[in-house]
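# Close look at the chain arrangement
What follows is the residue order along each chain.
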Amino acid sequence: MSRPVLLAVLATLAVCAPGVGLAQSAPAATAQADDAAPVLVSPDQWRAMAEAGDRYPMFAAERARVEREVRAAMAAGINVPQPRDLGGGVTHEQHKANYKALAGAGALYRMNGDRAYADFARDMLLEYARLYPTLSDFSGGAASVKGRLFWQALNDSVWLVYAAQGYDAIRETLTPEQRATIDNDVFRRMARFLSEENAPYFDRIHNHATWATAGVGMTGYVLRDPALVDRALNGTRRDGAAGFLRQVDELFSPDGYYAEGPYYQRYALAPFIIFARAIQQNEPERGIFQRRDGVLLKAVDGVIQSSYAGLLFPVNDAMPDKGLTSEEIVTGVAVAYSQTQDPTLLSIAEGQGRTLLSPDGLAIARGVAEGLARPFDFRSMQLRDGPNGDLGNLVFLRHGGANGQALVMKNTQQGQGHGHFDRLGMLFYDNGQPIVRDYGAARFLNIEAKSGGHYLDENDSWAMQTVAHNTLVVGGASQFGADWQTGEEHPTTPLFFEVEDGLQIASARLEEGYDGVVLTRTLAMVEHPDLQFPVVIDLFRADGEAATDYDLPLHFNGHIISAFEAEHSVRERPVLGEANGYQHLWVDAVATPTDQSRSLTWLLDGRFYTYRFAASSPISALLVESGANDPNFNLRREPALIQRMQGQADASFFSVLEPHGLSDGTAEIVQGATSRIADIKRVAGDGAEVVVLTLVSGKTLALGVAHDVAAGARHSVSVDGQTYEWTGPYARFDR
């Protein structure tokens, strides 16, 4: 089944007004005919969607697509196979297709009254009622908690979330006997399996448990079982120490940042939003969308902000092709719009090119058709991390709108088991492209030939390791010894974040990533009239207790135009190291150590980028490429520059990244291919440093950064007869 079918399932959650509440029936009781009307979307809301007809093109197009998909599923016949495959396998994909078809059929029945859709959903659920009681835990795979319909319990939870919505739409068409069979042999059994039989899993504060609580809670509403709803909301002990509400409180920061990063925020958004809408529909007095100052709505805004050119920033375990068109974010945008009427969300929906078969989706389609959309404000901001906002931050510095420049600084907490060892890391986007990029996760999602679609071994050996990111490596090892539990105990400390005219700047410190070494990084986006575009100034300081080695990688994207002098590997291609990610790097060129600045220029999509760099002590420079020790060709081949300093306790790496020029192959035009920055140097003083850019025009642009970031602290650095004085953590100087 293709993507549009899944959208139909969301129709049963996105509502604008309270509907049918919970009946106080015993958990094992079977609903009577007059107690089986839909509770996730009210009959009046279904009628409103049916009456909308073709008045709103986005809504009509979505309905037509879903109908084509469901009709194709009906023509193919009902197939409820014995589970045997991992992710991407035949039975796995069939059960996924089935829950999409169930929900789609339920929505279509409600919208056009064609009983064939309800009968199709009924017959499929009766097949599941025959199969499910015969199943035991899945026998293959390496899931920590096995599923029954799928290899892992997570997928069973997803099935339950969506199938419950389809069932709600057609439940009143069934006989009491059919309802009893499906209630008890499918939905109650699955809810019991996920919650009672796997209570530790259900009570985790984690996105897997979010799906489980959402599935059990949706089932509780559909079956009019308040005990199931209470278990979902408050955990198996029903004391609030676990469950959905605790997850809302613990997994999001006050700014709506999700602990595991944007990619998993996208994934977790679906159960949070779907179940929240069910709660709002059935128990509006809970004020779920007002909880924690509207944190779930902030989460929708936050995940959109965590994107560039429609794709999510690949922080932590992330696939680089996931973006704002994903089902989860389509859901979040529609629901958030129904709650806020924010017209900028309509522009995101326009970019998605789709909506939901739901009251919220209808509101989106109406708003777009009436021309209410306004541009979304992609802005410079920080998203604090941690339940109380005190466990680091993710910083975005932007210039030039949605596809202009975006500088990302990762100062978050570890991100649980999906977190990478990349604190103080940076990403840079420009001209619609990733310029300084992150590998993301080593995985081929749902491609069975690649480890069943699971995370590859190279995710641990390469993608998570510090050298695979744009941050400092100490002693050839990864942060926290590549132990995520240790990393989780030691957050990053943001020092300052400021946005001014012509200067945007952020700084943070990591004290426990390496024994005896404190790391501090300051990143700034700076404008100057003699420069074509804003430039990125980077000052990365290490304060160590003993001499060690430092490597600072830059994973750049583009074709090298000019490079520093170096000895190239022509006859053989050596591997850089043996462990901690270094075993996956081929060495293409090595430049001997120097204390003079060097530069590297590359071209990407018609624009040049010059990276000029140096350090406080002599450094060598290595050009490398990923892909070594990769017999199964699991890794992408991507270049990187590594600055290497050896045998020093303290180090300061300083650089400037300058976008410039134009290359138009069609018109055969090249302009501004040469950097407008002549040199870069660093001047150290007592408790402060100044990075000085000398421009081709003869002017200088300097950035002073203090070690002491107290607001009232005074600093002075002198060099060559010039003195730089300022108060506070930083200052800009133009001369």
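One can find the structure itself at the top, above this paragraph.
### Some words on the overall build of the protein
- A tally of helices and strands in the protein yields 18 helices and 27 strands.
- Computed over the C-alpha atoms, the radius of gyration of the protein is 28 Å, within 12% of the 27 Å expected from 2.2 N^0.38 for a compact globule of 735 residues.
- Here the C-alpha coordinates of the protein stretch approximately 90 × 55 × 55 Å along the principal axes.
- Partitioning the intrachain contacts of the protein with sequence separation of at least 6 by distance along the chain shows that 68% fall at a separation of at least 24.
- Entry remark: accessible area of the protein is about 25,800 Å², with carbon and sulfur atoms responsible for 47%.
- Of the side chains in the protein, 63 bear a positive and 90 a negative charge, and the two mean positions are spaced by 5 Å.

### Some words on the packing of aromatic side chains
- Applying the stated rule across the entire model yields 25 aromatic pairs.
- Summarising the aromatic geometry, the rings of Phe252 and Tyr258 are spaced 5.5 Å apart at their centres and angled 55° between planes, so their arrangement reads as tilted.
- Take Tyr258: its relative accessible area is 0%, and that puts it in the buried class.
- Ring pairing ties together the aromatic residues Tyr99, Tyr162, Trp211, Tyr263, Tyr264 and Tyr267, which thus form one cluster.
- A cation over a ring is seen here: Arg266 above Tyr263, with NZ or CZ 4.4 Å from the ring centre.

### Details of the layout of surface pockets
- Looking at the second largest pocket, its volume works out to about 240 Å³.
- In terms of lining residues, the second largest pocket is bounded by 15 residues, among which Leu311, Pro314, Pro320, Tyr429 and Pro434 are the most central.
- Residues belonging to the lining of the second largest pocket are distributed by class as follows: eight nonpolar, three polar and four charged.

### Regarding empty space enclosed by the protein
- One pass over the full model with this rule turns up four cavities of 30 Å³ or more.
- The volume enclosed by the largest cavity comes to roughly 80 Å³.
- In this structure, the largest cavity is lined by Val315, Val408, Met409, Lys410, Asp422, Gly425, Met426, Leu427, Asp438, His469 and Asn470.
- Among the secondary structure elements, those contributing two or more residues to the lining of the largest cavity are strand 5 (405–411) and strand 6 (425–430).
- Of the residues assigned to the lining of the largest cavity, the class counts are five nonpolar, three polar and three charged.

### Focus: the sheet that holds strand 24 (residues 700–706)
- Across the sheet, which stays open at both edges, the four strands sit in the order 22-23-24-27 with antiparallel pairing between neighbours. Among the strands making up the open sheet, the edge pair consists of strand 22 (677–685) and strand 27 (730–734). Taking each pair of neighbouring strands and ignoring which way they run, the sheet shows an average axis angle of 15°.

### Concerning helix 14 (residues 327–340)
- Between its first and last C-alpha, helix 14 extends 20 Å over 14 residues, near the 20 Å set by a 1.5 Å rise per residue.
- Counting buried positions along helix 14 gives twelve out of 14 residues, so the element sits mostly inside the fold.
- Looking at the residues trailing helix 14, positive phi occurs at Gln341, about 55°.

### Focus: the packing of helix 15 (residues 343–352) against helix 16 (residues 359–369)
- In the contact formed by helix 15 and helix 16, the axes pass within 10 Å of each other and the chain directions differ by 95°. The orientation of helix 15 relative to helix 16 falls into the category roughly perpendicular. Here helix 15 contributes Leu346, Ala349 and Glu350 to the contact with helix 16, which in turn contributes Ile364, Gly367 and Val368.

### Considerations on the nonpolar core
- Counting 126 residues, the largest nonpolar core has Trp159, Phe187, Phe275 and Ile304 as its most contacted members.
- When residues in this core are grouped by element, the largest group, 13 residues, is from helix 12 (residues 262–282).
- The contacts of Phe275, once residues within four sequence positions are left out, are Thr213, Ala214, Gly217, Met218, Tyr221, Ala232, Leu233 and Phe244.
- Counting 65 residues, the second largest nonpolar core, distinct from the first, contains Val517, Ala589, Leu635 and Leu657.

### A few points about the pairing of strand 4 (residues 393–399)
- Most of strand 4 sits inside the fold, with six of its seven residues counted as buried.
- Bridging between strand 3 (residues 381–384) and strand 4 involves four bridges; their strand directions are antiparallel. In the strand pairing of strand 4, Leu383 is matched with Leu394.
- Across seven bridges, strand 4 lies against strand 5 in antiparallel orientation. Note on strand 5: the bridge partner recorded for Asn393 is Asn411.

Calculation notes
- Throughout, a residue's number is its position along its own chain's written sequence, starting from 1.
- Only residues with pLDDT of at least 70 get local features here, since the model is predicted, and only at 80 or more are side-chain atom pairs given and counted; chain-wide, interface and lining totals rely on the full set of residues.
- Side-chain calculation: all heavy atoms of the structure are included, whereas hydrogens and water are not.
- Under the DSSP-based scheme used, a helix requires at least four consecutive residues in state H or I and a strand at least two consecutive residues in state E, with every element numbered from the N terminus.
- Each radius of gyration is computed over the set of C-alpha atoms, and the globule rule expresses the reference value as 2.2 Å times the number of residues to the power 0.38.
- We call two residues in contact whenever any of their non-hydrogen atoms come within 4.5 Å of each other.
- Note on areas: Shrake-Rupley with a 1.4 Å probe; residue coverage comes only from the protein chains shown.
- Two residue types count as positive, namely Lys and Arg, and two as negative, namely Asp and Glu; His and chain ends fall outside the count.
- To locate a charge, the coordinates of NZ of Lys, CZ of Arg, CG of Asp or CD of Glu are taken.
- Here a pair means two rings of Phe, Tyr or Trp (six-membered ring of Trp) with centres within 6.5 Å. Their orientation is stacked below 30 degrees between planes, edge-to-face above 60, and tilted elsewhere.
- Buried residues are those whose accessible area, probed at 1.4 Å on protein chains only, stays under 20% of the maximum for their type, while exposed residues exceed 50% and partly exposed ones sit between those limits.
- Two conditions define a charge sitting above a ring: the NZ of Lys or the CZ of Arg must be within 6 Å of the ring centre, and it must be within 35 degrees of the ring normal.
- Buriedness of a pocket was judged along seven lines, with at least five required to meet protein on both sides within 12 Å; pockets are open sets of points on a 1 Å grid over the protein atoms alone, cavities are sets where a 1.4 Å probe fits but cannot get out, and lining residues have an atom within 4 Å of a point.
- Grid points are joined across faces, edges and corners, and a volume is the space filled by probe spheres set on the points.
- Gly is put with the polar residues, along with every residue not named as nonpolar or charged; the nonpolar set is Ala, Val, Leu, Ile, Met, Phe, Trp, Tyr, Cys and Pro, and the charged set is Asp, Glu, Lys and Arg.
- By the convention used here, strands pair only if DSSP detects at least 2 bridges between them.
- As a rule, the C-alpha atoms of each element are fitted with a line to give its axis, helices using only the stretch in contact, and angles between N-to-C directions run from 0 to 180 degrees.
- Expected helix span is taken as 1.5 Å per residue step, with the number of steps being one fewer than the number of residues.
- Comment on the angle field: the value is read as roughly parallel under 35 degrees, roughly antiparallel over 145, roughly perpendicular from 65 to 115, and oblique elsewhere.
- Joining through side-chain atoms within 4.5 Å is the link that ties buried Ala, Val, Leu, Ile, Met, Phe, Trp, Tyr and Cys residues into a set, and such a set is a nonpolar core.

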